[in-house]
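Here is what each chain is made of, one letter per residue.
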Amino acid sequence: MAEVKPEDMVHHPPMDQLQGFEYCIDSNPSWGEAIALGFQHYILSLGTAVMIPTMLVPLMGGNDRDKAKVVQTLLFVTGINTLLQTLFGTRLPTVIGGSYAYVVPVLSIIHDRSLTQIADGHTRFVQTMRAIQGALIVSSSIQIILGYSQLWAICSRFFSPLGMVPVVSLVGLGLFERGFPMIGSCVEIGLPMLILFVALSQYLKHVHVRHVPIMERFSMLVCIALVWVYAHILTASGAYKHTALVTQISCRTDRSNLISSALWFVNWHVLVHFSHPYLYISQIIFFTLIRISIPYPLQWGPPTFNADHAFGMMAAVMVSLIETTGAFKAAARLASATPPPAYVLSRGIGWQGIGTLLDGLFGTGTGSTVSIENVGLLGSTRIGSRRVIQIYAGFMIFFSILGKFGALFASIPFTIFAAIYCVMFGIIAAVGLSFLQFTNMNSMRNLFIVGVSLFLGLSIPEYFSRYMTSSRSGPAHTKAEWFNDYINTIFASPPTVALIIAVLLDNTLDVRDAAKDRGMSWWARFRTYRGDSRNEEFYTLPFNLNRFFPPS
């Protein structure tokens, strides 16, 4: 075999900005294309927005109408939080939506004895929601304080590229249960969706219509439309009439009763048919205005406050903070931006705390975090534009107010979203692994840190998950419920476990001789706002607000 000459070897130098994007964070596609891309992000985020209330509201004692109202509220607050984050937070193109990290403390509140003793289902639902609101309002102060005091910026200075590899990777890989296991619950819908999406987005990505790579950018919309129609045909034909309940929930397009539970803008049956068309039209407009449902703060009543509930919820806030930090790192990479400076990262955490406060005030039933699937979509479409996500926020607010239309899109079977998650979460995991280019992977120290933190970051949460599934309580089951929630929430999160292990090892194991091997020199100029000229281009506040809030 011929010897390979050194000049024939291909070298790939490390790059602090990911190349090959058509539009990066501060460049914008045409308005028509941006609106279509924003709508695509809206459709993708419906999976989580519907799944969390569908899981929690029945346990709280709520009915289908309560569930529809919680979904509507979650969509509305998601739109507001996303707009605030893209304008005044990190300014990265990130969606701020509902988080699964809050499920453990929320379930603890649901099973509180003082609430389970309430006989009437709707009354129990309202009282439980008010208890969740109180816990969210109190615990949101953690992120607000850590963010705006710049304490999280100080902490982030200990995060090297090596330490962030397992954190960002497990932000994606840690969600594997929402991937193929969900597809397996309705394989006749999920598997065709997965195959079709990969085929259109990758193998047909060079198909252009009027110089636009239509399949690369909009393959998700095309695939969802085709498979959704296919799923509706199966539902309407009675294919799932005599199947198990789990199959019906996963496959049917009418599983959530959201369409029947959501209100139309107008109650058409009460309209009086005037002979004059202008009077009839004016009546339609009047009824439309009075029947539009806009979520508002304290709509479930005044929140109730309990110290145990608040302490348990604080664990979810910390988990959300860590997962969001990893997601911000991935989003910056997939928006073709430089790593966010510590000041910007901390500012974003502060605004996420405001988002969790809004969750508590409006009553969404959960807290906020960065939507991982939408970050993955940035890479899949190669469009990292901030404007697209701001348009998405407009769609979220608009369709949350117009209940029936939002409920129509929310009827998409979750199995379809699970197929998309297989791709999106995989992209995020790969982005995390891409940080290895800044490190020396010929170092046994680095191999040890990455390997151990990745393995334990998956293994420990899997142990907690299996324990909770089998015994319906976590490994921590002392008499102090708040302590149980804290331990069970923290160690059920793969990115959180990975960060604890990776950052601890990376900052205590042979630190003096490993500065270059850890990749610290690559991120040094991005640790301060003025360390690199591109920081100002990507992360400056709008409306010349930097004059009033100068970066540190």
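Predicted, not measured: the structure shown is a model, and the values here were computed from it. (Residues numbered from 1 in each chain as written. Predicted model: local features only at pLDDT ≥ 70, side-chain atom pairs only at ≥ 80, totals over all residues. Heavy atoms only, no water.)

The secondary structure content of the protein chain amounts to 25 helices and four strands. Its C-alpha atoms give the protein chain a radius of gyration of 24 Å, within 12% of the compact-globule value 24 Å for 552 residues. For the protein chain, the spread of C-alpha atoms along the principal axes amounts to about 85 × 65 × 55 Å. Out of the 552 residues belonging to the protein chain, those deemed buried represent 55%. (Helix = DSSP H or I, 4+ residues; strand = E, 2+ residues; numbered from the N terminus. Rg over C-alpha atoms; globule rule 2.2 N^0.38 Å. Buried < 20%, exposed > 50% of the residue type's maximum accessible area, 1.4 Å probe, protein only.)

What follows deals with the packing of helix α14 (residues 307-334) against helix α22 (residues 494-506). For the pair α14 and α22, interaxial distance at closest approach is 9 Å and the crossing angle is 80°. Between α14 and α22, the angle falls in the class roughly perpendicular. In this structure, α14 contributes Val319, Ile322 and Glu323 to the contact, and α22 contributes Pro495, Thr496 and Leu499. Looking at the contact of α14 with α22 residue by residue, the class counts come to four nonpolar, one polar and one charged. (Axes fitted to C-alpha atoms, helices over the stretch in contact; angles between N-to-C directions. Parallel < 35°, antiparallel > 145°, perpendicular 65-115°, else oblique. Contact = heavy atoms within 4.5 Å. Nonpolar A, V, L, I, M, F, W, Y, C, P; charged D, E, K, R; others polar.)

A few words on the side chain of Thr82. Note that Thr82 resides in helix α2 (residues 64-88). With residues near it in sequence (within four places) discarded, Thr82 still touches Thr94, Val95, Ile96, Ile389, Tyr392 and Ala393.

A word on the environment of Ile137. In this structure, Ile137 sits in helix α5 (residues 121-148). For the pair formed by Ile137 and Leu357, sequence separation is 220 residues and the distance between their alpha carbons is 5.0 Å. Not counting chain neighbours up to four residues away, the residues in contact with Ile137 comprise Pro303, Phe305, Leu357, Gly360 and Leu361.

Positive phi is not limited to glycine here, since Arg91 has a value of about 70°. Looking at the element boundaries, Arg91 is found in the loop between α2 and β1 (96-98). Given a relative accessible area of 10%, Arg91 falls into the buried group. The phi angle at Arg210 is positive, at roughly 55°, despite the residue not being glycine. Structurally, Arg210 can be placed in the loop between β2 (208-209) and β3 (212-213). Classification of Arg210 as exposed rests on a relative accessible area of 79%.

All right, on to the nonpolar core then. In this structure, Tyr42, Ile43 and Ile189 are the most contacted members of the largest nonpolar core, which totals 100 residues. A per-element tally of this core places helix α19 (residues 414-434) first, with 12 residues. Membership of the second largest hydrophobic core comes to 25 residues, among which are Val106, Ile132, Val317 and Ile490. (Core = buried A, V, L, I, M, F, W, Y, C linked by side-chain atoms within 4.5 Å.)

This structure, assessed with the given rule, holds 23 aromatic pairs. When the ring of Tyr463 is compared with that of Phe464, the centres are 5.7 Å apart and the planes differ by 90°; the resulting orientation is edge-to-face. Residue classification places Phe464 among the buried positions, given a relative accessible area of 9%. Ring pairs connect the aromatic residues Phe39, Tyr42, Phe395, Phe398 and Phe399, which therefore count as one cluster. Seen from the ring of Trp31, Arg387 lies directly overhead, with NZ or CZ sitting 4.2 Å from the centre. (Phe/Tyr/Trp six-rings, centres within 6.5 Å; stacked < 30°, edge-to-face > 60°. Lys NZ or Arg CZ within 6 Å of the ring centre and 35° of its normal.)

By definition, a disulfide links the sulfur atoms of two cysteine residues through a covalent bond. Inspection of the entire model under this criterion finds one disulfide. Bridging Cys186 to Cys251, the disulfide has an S-S length of 2.0 Å. On the S-S bond that ties Cys186 to Cys251, the torsion sits near 135°, and the link is right-handed. Here Cys186 is found in the loop between α8 (180-184) and α9 (187-203), whereas its partner Cys251 is found in helix α11 (residues 245-251), with 65 residues between them in sequence. We classify Cys251 as buried; its relative accessible area is 0%. Free cysteine Cys422: the closest other cysteine sulfur is in Cys223, separated by 13 Å. (Disulfide = S-S within 2.5 Å.)

Inspection of every chain in the model, using the stated rule, returns eight salt bridges. Where Asp506 meets Arg445, a salt bridge forms, and the shortest distance between an N and an O atom there is 3.0 Å. Within this pair, whereas Asp506 is found in helix α22, its partner Arg445 is found in helix α20 (residues 444-471), the two being separated by 61 residues in sequence. Each member of the pair, Asp506 together with Arg445, is buried. By sharing partners, the salt bridges in this structure join Glu22, Glu33 and Arg217 into a single network. (Salt bridge = Lys/Arg side-chain N within 4 Å of Asp/Glu carboxyl O.)

The subject of this paragraph is the side chain of Ser346. Along the chain, the position of Ser346 falls in helix α15 (residues 342-362). With residues up to four places along the chain from it excluded, the contact list for Ser346 reads Leu146, Gly147, Gln150, Leu151, Trp152 and Ala153.

We now examine α14. Across its 28 residues, α14 extends 40 Å between first and last C-alpha, which sits within 8% of the 40 Å expected from 1.5 Å per residue. Of all 28 residues making up α14, 24 are buried, and the element is well covered by its neighbours. Its side-chain oxygen placed 2.9 Å from the backbone nitrogen of Asp308, Asn306 serves as the N-cap of α14. Just downstream of α14 lies Ser336, where phi reads positive at about 55°. (Expected span 1.5 Å × (residues − 1). Polar contact = N/O pair within 3.5 Å; in protein donor to acceptor, adjacent residues only side chain to side chain.)

Our next topic: helix α21 (residues 481-490). For an α-helix the count is 3.6 residues per turn, leaving residues at separations of three or four pointing the same way. Within α21 the residues assigned to the buried category are Asn484, Asp485, Asn488, Thr489 and Ile490. Where the residues of α21 are buried, they touch α3 (103-110), α14, α20 and α22.

Residues Phe180, Val187, Leu191 and Ile195 make up a contiguous nonpolar surface patch of roughly 340 Å² in combined accessible area. Among the structural elements, Phe180 can be located in helix α8. Taking relative accessible area as the criterion, Phe180 reaches 43% and is therefore assigned partly exposed. (Patch = residues over 30% accessible without salt bridge, like charges linked within 9 Å, V, L, I, M, F, W, Y side chains within 5 Å. Areas by Shrake-Rupley, 256 points an atom, 1.4 Å probe, with all protein chains shown as cover.)

Next up on the list: the confidence of the model for the protein chain. With 90% of its residues at a pLDDT of at least 70, the protein chain reaches an overall mean of 87. In the model, residues 264-290 has pLDDT below 50 throughout and makes 27 contacts with residues more than four positions away in sequence or in other chains. (pLDDT = per-residue confidence, 0-100.)

A few words now on the environment of Gly451. Along the chain, Gly451 falls in helix α20. Given a relative accessible area of 37%, Gly451 falls into the partly exposed group. As a C-alpha pair, Gly451 and Ala502 span 51 residues in sequence and 9.5 Å in three-dimensional space.

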